[in-house]
Amino acid sequence: MKKLMALIMLPMIFGTSSLVAEIRTVSLKVDNMTCAACPYIVKKSLLSLEGVSQASVDYDQKTATVTFDDDKSSVAKLTASKAKAGYPSALME
Ligand SMILES: [Cu+2]
């Protein structure tokens, strides 16, 4: 009976792995940053997204480094938010 329970529990344990928050950090290339205020706007738009815990923007390199919860956000959501703010961006490989 214990063995049967273990067999039933296994998929439950491994099945929850997709529910566990996966924290990802990605770098994005950001277009249209033309003045010193732009990085702040980009950073604000990123931090306003659900699941984003950290965002830093490098004006000189024209990049943004974002840490987010993969279950609550996605690279697509990050780039969509920035595009909406006027800064198209793409994931850096
Ligand atoms: Cu600007």
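Quick caveat: nothing in here was measured; it's all calculated off a predicted structure.

In this sheet, strand 3 (residues 63–69) lies alongside strand 2 (residues 52–58) in antiparallel orientation, the contact comprising 6 bridges. What sits directly across from valine 52, in strand 3, is phenylalanine 68. Between strand 2 and strand 3, which follow one another and run antiparallel, lie 4 residues, and lysine 62 among them has a positive phi close to 60°.

Pairing is antiparallel across the open sheet formed by 4 strands, whose spatial order is 2-3-1-4. Two strands lie at the open edges of the sheet, namely strand 2 and strand 4 (89–91), each paired on one side alone. Mean inter-strand twist for the sheet, computed between neighbouring axes without regard to direction, equals 25°. Along the sheet, helix 2 (residues 38–47) contacts strand 1 (23–30), strand 2 and strand 3; its crossing angle with strand 2, the most-contacted strand, is approximately 165°.

Now for the environment of valine 20. Among the structural elements, valine 20 can be located in the loop between helix 1 (2–15) and strand 1. Classification of valine 20 by relative accessible area gives exposed; the value is 53%. Along the sequence, valine 20 and aspartate 69 sit 49 residues apart, while their C-alpha atoms lie 9.6 Å from each other.

The residue threonine 63 is located in strand 3 in this model. A residue is classified by how much of its surface remains accessible, and threonine 63, at 14% relative accessible area, is buried. When neighbours within four sequence positions are excluded, threonine 63 is seen to be in contact with Leu28, Val30, Met33, Ser56, Val57, Asp58 and Met92.

What counts, and at which threshold
Residues numbered from 1 in each chain as written. Predicted model: local features only at pLDDT ≥ 70, side-chain atom pairs only at ≥ 80, totals over all residues. Heavy atoms only, no water. Pairing = 2+ DSSP bridges. Helix = DSSP H or I, 4+ residues; strand = E, 2+ residues; numbered from the N terminus. Axes fitted to C-alpha atoms, helices over the stretch in contact; angles between N-to-C directions. Contact = heavy atoms within 4.5 Å. Buried < 20%, exposed > 50% of the residue type's maximum accessible area, 1.4 Å probe, protein only.

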